[in-house]
Amino acid sequence: MLAVPLLTAVLAATIWSIRQRSHSDGGAGTAPNTVERRHPVGPSSRPTRAPIADADVEADIARLKAIRPPTPTKRTAGLQTPDESRNQPDLYARAFVQRLLTQDYRTSREKHLAWVQTESARTDEPLVTGLVPPELRNRVALFSVTSQGPGPAPIPSPAEWDRLGALGAHTTATVQRVTEPLVWSNAAEAGRVSDPGVTAREVTALVTLHTGSGAPDTSTVSSIALTLNLVGPPTRDTWAFVAVITYRAVPMGAP
């Protein structure tokens, strides 16, 4: 998902390269061309064939510093994931991703970002935080869902959000599958994950972009696959979102 290597994760040791078939500036609901964005591993385990540029890391740190986490409001709190989904990682990943990819461009983008922030939690697990300075780790969640690179981010840029809003557009999302990546479970069993509350999930979903405020409605469907880190028991009482690690969007056409 991320264009440059500020973050790292165990699963990135297997899926470290950024690959794309064509570029798009769209978001999760914009039915982009097929794009798969993956970030490389951290400096301790990265392949020697693709050295990480310090300039890339510095650019991402600058973007992190520029993020101003929205202040949650009572209205935002009312949108939080239901309690019954917060006690099991599969249920939480399903509920979170469905809400993340359900976007109404006729409403405020800041409201959607504020919701993401209320769902997020910090971790200091080295295999997740990578090169992120400790004082910026509370911004990782927002960075991971908005950072623009060679492909789309789960949440479109402000300009793209406004463009879709002018079209009266919104998305609906249906989660199809939630699994734990094998590379993550193997790493946890091998003792490479120091925080026992951190885990990863891969989620696939269908996202339908509806455009046009009147009839007939024009709809296009994209197949979405993403991996994300979560943190929960025993580190926390309930599960929360840490970061999107990879993001892939494949246009499917009309429903």
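The structure presented is a predicted model; accordingly, all values stated were derived computationally and were not measured. (Residues numbered from 1 in each chain as written. Predicted model: local features only at pLDDT ≥ 70, side-chain atom pairs only at ≥ 80, totals over all residues. Heavy atoms only, no water.)

**What to know about the pattern of salt bridges**
Right, on to step 1. Under the defined criterion, the tally for this structure stands at seven salt bridges.
Right, on to step 2. As a salt-bridge pair, aspartate 104 and arginine 106 come within 2.8 Å of each other at their nearest N and O atoms.
Right, on to step 3. The salt bridge involving aspartate 124 is made with arginine 137; its shortest N-O contact spans 2.9 Å. Of this pair, aspartate 124 sits in the loop between α4 (109–119) and α5 (126–129) while arginine 137 sits in the loop between α5 and α6 (140–146), and the two are 13 residues apart along the sequence.
Right, on to step 4. Arginine 137 sits in the buried class, given a relative accessible area of 16%.
Right, on to step 5. Here the salt bridges share partners, and the residues they tie into one network are Asp90, Glu180 and Arg201. (Salt bridge = Lys/Arg side-chain N within 4 Å of Asp/Glu carboxyl O. Helix = DSSP H or I, 4+ residues; strand = E, 2+ residues; numbered from the N terminus. Buried < 20%, exposed > 50% of the residue type's maximum accessible area, 1.4 Å probe, protein only.)

**Quick look at the packing of aromatic side chains**
Right, on to step 1. Summed over all chains, the structure comprises four aromatic pairs.
Right, on to step 2. Centre to centre, the rings of tyrosine 92 and phenylalanine 96 are 6.0 Å apart; their planes meet at 20°, and the pair counts as stacked. With a gap of four residues between them, tyrosine 92 and phenylalanine 96 both fall in helix α3 (residues 89–101), about one helical turn apart.
Right, on to step 3. The buried category is assigned to tyrosine 92, whose relative accessible area is 0%.
Right, on to step 4. Here the aromatic rings of phenylalanine 96 and tryptophan 115 are separated by 5.1 Å at their centres, their planes lie at 20°, and the arrangement is stacked. Here phenylalanine 96, found in helix α3, pairs with tryptophan 115, found in helix α4; they are 19 residues apart in sequence, far enough to count as distant. (Phe/Tyr/Trp six-rings, centres within 6.5 Å; stacked < 30°, edge-to-face > 60°.)

**A closer look at α3**
Since the α-helix packs 3.6 residues into each turn, any two residues three or four apart lie on the same face.
Right, on to step 1. When the terminal C-alpha atoms of α3 are compared, their 18 Å separation across 13 residues agrees well with the 18 Å that a helix rising 1.5 Å per residue should span.
Right, on to step 2. Between the side-chain oxygen at the start of α3 and the backbone nitrogen of aspartate 90 there is a gap of 2.7 Å, and the oxygen is on glutamine 88. (Expected span 1.5 Å × (residues − 1). Polar contact = N/O pair within 3.5 Å; in protein donor to acceptor, adjacent residues only side chain to side chain.)

**Things to note about the environment of valine 132**
Right, on to step 1. By the element assignment, valine 132 lies in the loop between α5 and α6.
Right, on to step 2. Along the primary structure valine 132 and valine 57 are separated by 75 residues, whereas in three dimensions their C-alpha atoms are 9.0 Å apart.

**Topic: the packing of α3 against α4**
Right, on to step 1. Where α3 contacts α4, the axes come no closer than 11 Å and their chain directions differ by 165°. Between α3 and α4, the angle falls in the class roughly antiparallel. The chirality of how α3 crosses α4 is left-handed. Residues Tyr92, Phe96, Arg99 and Leu100 of α3 form the contact with α4, whose own contacting residues are His112, Trp115, Val116 and Glu119.
Right, on to step 2. Along the lines of polarity and charge, the residues of the contact of α3 with α4 split into five nonpolar, one polar and two charged. (Axes fitted to C-alpha atoms, helices over the stretch in contact; angles between N-to-C directions. Parallel < 35°, antiparallel > 145°, perpendicular 65-115°, else oblique. Left-handed = near helix turned anticlockwise from the far one by under 90°. Contact = heavy atoms within 4.5 Å. Nonpolar A, V, L, I, M, F, W, Y, C, P; charged D, E, K, R; others polar.)

**Quick look at the nonpolar core**
Right, on to step 1. The biggest cluster of nonpolar side chains holds 54 residues, and the ones touching the most others in it are Leu100, Leu101, Val116 and Phe241.
Right, on to step 2. The element best represented in this core is strand β6 (residues 240–253), accounting for eight residues.
Right, on to step 3. Every residue in contact with phenylalanine 241, bar those within four places of it in the chain, is listed here: Tyr92, Phe96, Val116, Glu119, Ser120, Ala121, Ala141, Ser144, Val145, Leu228, Asn229 and Leu230. (Core = buried A, V, L, I, M, F, W, Y, C linked by side-chain atoms within 4.5 Å.)

**A short note on unusual backbone geometry**
Right, on to step 1. The peptide bond linking proline 233 to proline 234 adopts the cis configuration, its omega dihedral lying at 5°.
Right, on to step 2. The residue proline 234 is located in the loop between β5 (218–231) and β6 in this model.

**A closer look at the side chain of threonine 246**
Right, on to step 1. Inspection of the secondary structure assignment puts threonine 246 in strand β6.
Right, on to step 2. Only 2.5 Å separates the side chain of threonine 246 from the side chain of threonine 227, close enough to count as a polar contact.

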